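Residue-level structural notes
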Amino acid sequence: MANNKRPGPSAKERMAKPRNEMPLHSAEERIRHFNEVPTGYSLEQAMDEASRCIQCKKPDCIGGCPVGINIPEFLLQLEGGDVAGAAKTIRQNNFLPAACGRVCPQDKQCEAVCIVGKKNDSVGIGNLERFVADYEREHDLDRMPEIAPDTGKKIAVIGSGPAGMTAAYELRVRGHDVTIFEAFHRGGGVMVYGIPRFRLPLEIIDEDLKLLEEMGVEIVYDMIIGRTLSLDDLLETEGFDSVFIASGAGLPKMLGVPGENLNGVYSANEYLTRIYLMHANYFPEHPTPIYQGKKLAVIGAGNTAMDVLRTGKRLGAEVTCYYRRSHDEAPARSEELEHAEQEFIDFKWLSSPIEFIGDENGFVKAIKCEVMELSEPDDSGRRRPVPTGESFTDEVDTVVFSLGCDVNPTIPDSTRDVTTNKWGIMMVDPVTYHTSKPGVFAGGDTVTGGSTVILAMGQAKTAAKYIHEYVMGNFEYELNVPTDPEAPGVQWGFAK
Amino acid sequence: MGKYNQDFKVLTKRELCANTYHFKIQAPLIAKKILAGQFIMIRPNENSERIPLSICGWNREEGYIELIIMSAGRTSTEATIKEVGDSFKDVVGPLGQRSHIAKYDGACVLMGGGYGTGAIIPTARDLKEAGNRVIGVVGARSENLLLMVDELKDACDEVYLTTNDGSIGIEGFVTHALEEIQKKEKVSSVLAVGPVPMMIAVANMTKEDGIECWVSLNAIMVDGTGMCGACRVTVGGKTKFACFHGPDFNGHEVDFKELMTRQKMFVDQEKIAMEAFTGALEK
Ligand SMILES: Cc1cc2nc3c(=O)[nH]c(=O)nc-3n(C[C@H](O)[C@H](O)[C@H](O)COP(=O)(O)OP(=O)(O)OC[C@H]3O[C@@H](n4cnc5c(N)ncnc54)[C@H](O)[C@@H]3O)c2cc1C
Ligand SMILES: Cc1cc2nc3c(=O)[nH]c(=O)nc-3n(C[C@H](O)[C@H](O)[C@H](O)COP(=O)(O)OP(=O)(O)OC[C@H]3O[C@@H](n4cnc5c(N)ncnc54)[C@H](O)[C@@H]3O)c2cc1C
Ligand code: SF4
Ligand code: SF4
Ligand code: FES
C-alpha cells in the first residue's frame, strides 16, 4: 500500500496527532468489582486512532507481532470504517484477537517498534485489535473460517490454553479431525485461572472455545494426559496420528524461606485458581473458600503479581507488593503496573522476604524482609540486588508468592521418551517444535517455562504447520532436540 | 456426546454407617488406569468445590470405580445425597502415586480408620500379590462404625478389629492391635490411612520399633495435579505436594503438626458454606 496515494492528512500530520487514550473506569470505582477496567473505544475513536498509522512501506510492526498480523492493512480498513474487513484481516493470523488485544505486552511487541512511537506515542494497535474483535462479537459477524475437506487424520491436542486452542484451530482449518484433552472442567488455561476477569472477561474466552466446537473440534474435559490416558495410548490404541502438547507451565515456585507453609500463605496459582476457576470471590454461592485477610503481601512484580495485587484489592484487603529489585526492573507489562499503582496499591521496592512469622494458630502474622540495593551493572548489563544488611518487619495476614512457574512433570513423568531439561521444560526442535518422541510436538509455556499468550499462540501456529506436514507424510527434517539438561527452553527472537 | 466424554453415573449406593456411603461410579477410563493408593478429584455438581477421594476398588472390565464418602461438610454431602442414576459432574484421575509395593521378609500391616479402611484394600491386594503376608487392622469408636471389614478380609491373610469402647475386637486403638501382632510375628512395613491422630500414633510407635511406616496424607487440595501448591506438606524437612508426590509418605518424616494446622485453614468458611447449603436445601 503506497502511502503517497492515500487520501487525507499527510504522514506528518498523522504522526503529530495525539493518541486516543483508552477510557477507563476510575480507580475508586473499579476496585469495588471485577468488571473490566477499560471501557473500550467508540467507533469514532477507533477510526481516528487508526488514522494515526502512516502506512509504512516496510512496516516494522508486523515483525513485532509474534503471529505477524498485517497491522497496516487492518488499520487502513478500520480508518475507512470497514470493521468487518479489519476483522477478517486480523483473523488471517490471529484467532484470539479479543484476548490478545487485551493482554498482549504490546509495549514490548508491535507497539514497541511502531514508527509513530519514535516521536509520539505509538499507534494503539492493541486497543484497536480489541475494538475490532469486540465489534465483531457484539455485531455477531461471521467468524467461521474456511475449512479444508477432511483429511482423515486425527490429531490430539493436550491442553486448552492459548497454545492448544490455536493449534486446534490451525489444524482443523487444514481439514484434520482434532480433539482437545483438558485436565480441568473448563477450557482456556491460564487465560481463565490466571488472568483476572477485570482484564479478560470469561465471555470472550468462551466465545472462542465455542467457535472451535462449531468448527468441529471436540473438547474433552476432565482428562489428564499422562494419567487418564497416556501419550502412548493416544498414539497406539486411540488412533491419533500426531499429538501436540500444550499443557502450560503449572508448577508454582516457592522461595524456600522459613514460614512459607503457614496458613494464609498461597502460591499465585492457588490464589488465582480459587478465585477465577472456582469463583471463591462469590463465596458461599460458590463454595470454594479463600482466606482473605485484611493485609495482603504479594511477593514479586511480574504480571502475575500485578494480578494478585489487584485481585486482593478488589476483595477488600490493604495490599502491598514486595520486590527485591526496583520499579524499573519490574517485569510486569507497563499498563498493568500503572493500573496497579492507580489502584492504591503500596509498593516496597528493594525488599526481599527472608521469613514469615506465624501466630499461635499457625496463621501468618508478619513478613520479615531484607532491604536490598542494586549493584553496579554486571557484564550482562543487569543490576543485581544485593542485601544491605538492614531488615524490617511488616504485619500481614495473607501472603501470595508470585514468582513464576516451572513445568508440571505429569506428562514427562509418564512418558520418559519426551525429554526435558532440569527445570522440567520440554525439549523441542527449535524449528518444527517436534519433541524427542516421534509424532509428538509441543509448544507454549511448556517449552518456554512461562511466557505470554501471543508467544504461546505463535509457537502453536508454527507447530501446527509442521504437524500438518507430519501427518500428511511430508515431514523430512534433520531434528535437533537438545539433550543437555542445562539447555534453556525455546527463546523467541523478535522486536529486539 | 463424544467417545471420551464420560458420564460419571452412580451405579450403586450403599450406606456403611451413619453419614458414610459406598458408591460405584461409572468411569471406564479411570478404572482402566487406577492403581492402589491413588485418588481422584470430584465435583458433585456444576458449581461445587473440587475434593479428593481415595479409591477403594475398581473393575477395569465393567468400567467402574468404588468410593467411600463420608459427609464431612458441604461438598461431601453434595456427593452423598446423590442416588443411583444421578451423575457426578466431574471425576478426574487417577492422581497421586501408587502405594509402595515391595517384598518384605516380615508381615505387612495395613491400618484403616474411617474411609481409610477402604483406601487400604487395593494396597493390601497388591502387597499380597507381591508375596507378602498381609494383616489388616480396622479401628473405630464402636462396632457399628467399623466398615468394609468383609472386603478387607478378602484382601488380607488376617484382620484385627479394634474399638475404643471394646464392643468388638481389641479394646483400644489400632496401635494396640499392632502391639498384639508384634508379639506374634515380625512386622516389616506398616501403612496407616485414617484420621491424623491415628497416623501420628502409628508413626511414633513404628519409629520406636524401627518398622517402615507409610501414611496417606489428606491435605487440602484444589487441582490435585501439582499446579497450585495448596496441598504442601513438609516431609523430611522438604516441601512436597501431597497430590503429586504422595499421598503416601514416610510417616517418620512427616510434619504432622503442620498438616493438622493446614487442615484447619478454612474452618470458618466451611461452616458458612455448609449453612448456605442446608439453608438452600430447606427452601
Ligand atoms: C496471573 C497470570 C497473568 C498473566 N498475564 C499475562 C498477560 O497479561 N499477557 C500475556 O500475554 N500473558 C500473560 N500470562 C501468561 C500466559 O497466560 C501464558 O503464557 C499462556 O496462557 C500460556 O499458554 P499455554 O497454552 O502454553 O498454557 P496454559 O494457558 O497454561 O494452558 C495449559 C492448559 O493445559 C492443561 N493441562 C495441563 N496439563 C495437562 C494434562 N496433563 N492433560 C490435559 N490438560 C493439561 C491445563 O489445565 C491448561 O488448561 C499470565 C500468566 C499468569 C499466570
Ligand atoms: C488424598 C485424600 C483422600 C481422601 N479420601 C477420602 C475418601 O476416600 N473418603 C472421604 O470421605 N474423604 C476423603 N478425603 C477427605 C475429603 O476430601 C474431605 O472430607 C472433603 O474434602 C471435605 O469437604 P467438605 O466440603 O465436605 O467439608 P468441609 O466442611 O469443607 O471440610 C471438612 C474438612 O475436610 C478437609 N477438607 C476441606 N476441603 C478439602 C479439600 N478441598 N481437599 C482436602 N481436604 C479438604 C478439611 O480438613 C476440612 O476441615 C480424602 C482427602 C485426601 C486429601
Ligand atoms: S497480537 Fe499482540 S503483538 Fe500482535 S498485533 Fe495484536 S497486540 Fe500486537
Ligand atoms: S509501524 Fe506503526 S505507523 Fe507503521 S504501519 Fe505499523 S502501525 Fe502503522
Ligand atoms: S492440590 Fe494443587 S498442587 Fe496439590
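Residues numbered from 1 in each chain as written. Chains lettered and ligands numbered in written order. Predicted model: local features only at pLDDT ≥ 70, side-chain atom pairs only at ≥ 80, totals over all residues. Heavy atoms only, no water.

Moving on to the overall build of chain B. Of regular secondary structure, chain B possesses 9 helices and 17 strands. Out of the 283 residues in chain B, the part that is buried amounts to 58%. In the form shown here, chain B has an accessible surface area of approximately 11600 Å², with 49% of it arising from carbon and sulfur atoms. Across chain B, the 32 positively charged side chains and the 37 negatively charged ones have centroids separated by 5 Å. (Helix = DSSP H or I, 4+ residues; strand = E, 2+ residues; numbered from the N terminus. Buried < 20%, exposed > 50% of the residue type's maximum accessible area, 1.4 Å probe, protein only. Areas by Shrake-Rupley, 256 points an atom, 1.4 Å probe, with all protein chains shown as cover. Lys, Arg positive; Asp, Glu negative; His and termini not counted. Charge placed at Lys NZ, Arg CZ, Asp CG, Glu CD.)

Let us now look at the overall build of chain A. Looking only at helices and strands, chain A has 18 helices and 15 strands in total. By the compact-globule yardstick of 23 Å for 496 residues, chain A fits well, its C-alpha radius of gyration being 23 Å. Its C-alpha atoms put chain A at 65 × 65 × 55 Å along the principal axes. By residue count, 58% of the 496 residues in chain A fall in the buried class. (Rg over C-alpha atoms; globule rule 2.2 N^0.38 Å.)

For the rest of this paragraph, the subject is the site of ligand 3. Residues in contact with ligand 3 amount to 13 residues; listed here are only the nearest, A:Cys65, A:Cys104, A:Gln109, A:Cys110 and A:Glu129. Residue composition of the shell around ligand 3, grouped by class: 9 nonpolar, 3 polar and 1 charged. (Near = heavy atom within 4 Å. Nonpolar A, V, L, I, M, F, W, Y, C, P; charged D, E, K, R; others polar.)

Here we take up the domain arrangement of chain B. Residue and element names in this part refer to chain B. For chain B, the assigned domains read domain 1 (8-95) and domain 2 (107-263). For domain 1 and domain 2, the distance between their C-alpha centroids amounts to 21 Å. Each side of the interface is counted separately: domain 1 has 18 residues, and domain 2 has 19 residues. Residue Arg-14 pairs with Glu-151 through a salt bridge whose shortest N-O separation is 3.2 Å. Our count for the contact surface shared by domain 1 and domain 2 stands at 3 residue pairs in polar contact (both at pLDDT 80 or more). Of all the secondary structure elements, the ones that give two or more residues to the side of domain 1 that touches domain 2 are strand S1 (8-17), strand S2 (20-26), strand S3 (39-43), strand S4 (51-54) and strand S5 (57-59). The element contributing the most residues to the side of domain 1 that touches domain 2 is S1, with 3 residues. Residues that form the side of domain 1 that touches domain 2 fall into these classes: 11 nonpolar, 5 polar and 2 charged. (Domains from an automatic or database assignment. Contact = heavy atoms within 4.5 Å. Salt bridge = Lys/Arg side-chain N within 4 Å of Asp/Glu carboxyl O. Polar contact = N/O pair within 3.5 Å; in protein donor to acceptor, adjacent residues only side chain to side chain.)

Our focus in this paragraph is the site of ligand 4. Surrounding ligand 4, one finds A:Cys53, A:Ile54, A:Cys56, A:Pro59, A:Cys61, A:Pro72, A:Leu75, A:Cys114, A:Ile115, A:Val116 and A:Ile125. Here the residues of the shell around ligand 4 sort into 11 nonpolar, no polar and no charged.

What follows is about the pairing of strand S10 (residues 351-358) of chain A. All names here are of chain A. As judged from the 7 bridges shared by S10 and strand S11 (residues 364-374), these two strands associate in the antiparallel manner. Bridge pairing in S11 links Pro-353 to Cys-369. If you look at the hairpin formed by S10 and S11, you'll find 5 residues sitting between the two strands, and Gly-362 has a positive phi there, around 85°. (Pairing = 2+ DSSP bridges.)

Turning our attention to the domain arrangement of chain A. All names here are of chain A. Once the domains are mapped, chain A shows domain 1 (11-138), domain 2 (154-250 + 406-471) and domain 3 (261-267 + 287-403). Taking the mean C-alpha position of each, domain 1 and domain 2 sit 28 Å from one another. Every contact between the two is made by 22 residues of domain 1 and, on the other side, 23 residues of domain 2. For the pair domain 1 and domain 2, the two sides together bury roughly 1900 Å², of which 76% comes from carbon and sulfur. Connecting domain 1 to domain 2 are 0 salt bridges. Along the contact surface separating domain 1 from domain 2 lie 3 residue pairs in polar contact (both at pLDDT 80 or more). In the side of domain 1 that touches domain 2, the residues fall into 13 nonpolar, 5 polar and 4 charged. (Buried area = accessible area lost by both parts, 1.4 Å probe.)

Within helix H3 (residues 43-50) of chain A, the full set of buried residues consists of A:Ala46, A:Glu49 and A:Ala50. Along the axis of H3(A), the buried residues cluster in a sector spanning 100°; they form a single face. (Arc of directions from axis to C-beta.)

Side chains of residues three or four places apart in an α-helix project in the same direction, reflecting 3.6 residues per turn. Residues and elements named next belong to chain B. Taking 1.5 Å per residue, 14 residues should reach 20 Å; helix H6 (residues 196-209) reaches 20 Å between its end C-alpha atoms and fits that length. Considering only its buried residues, H6 is in contact with strand S9 (107-113), helix H5 (174-184), strand S13 (187-193), strand S14 (212-216) and helix H8 (256-263). Looking one or two residues past H6, Gly-210 carries a phi angle of roughly 70°, positive in sign. (Expected span 1.5 Å × (residues − 1).)

Here a ring pair, both rings aromatic, is described through the centre-centre distance and the interplanar angle of the planes. All names here are of chain A. Enumeration according to the criterion identifies 19 aromatic pairs over all chains in this entry. Considering the side-chain rings of Phe-95 and Tyr-169, the 4.3 Å spacing of their centres and the 20° angle between planes classify their relative orientation as stacked. With a gap of 74 residues between them, Phe-95 in the loop between helix H6 (83-91) and helix H7 (97-103) and Tyr-169 in helix H9 (residues 162-173) connect regions that are remote in the sequence. Under the relative-accessibility criterion, Phe-95 is labelled buried at 3%. Classification of Tyr-169 as buried rests on a relative accessible area of 7%. Each ring, one from Phe-347 and one from Trp-349, has its centre 5.0 Å from the other, and the planes form 15°; the classification is stacked. The buried category is assigned to Phe-347, whose relative accessible area is 14%. Every member of this aromatic cluster is reached through a ring pair, and the members are Phe-441, Tyr-466, Tyr-470, Phe-475 and Tyr-477. (Phe/Tyr/Trp six-rings, centres within 6.5 Å; stacked < 30°, edge-to-face > 60°.)

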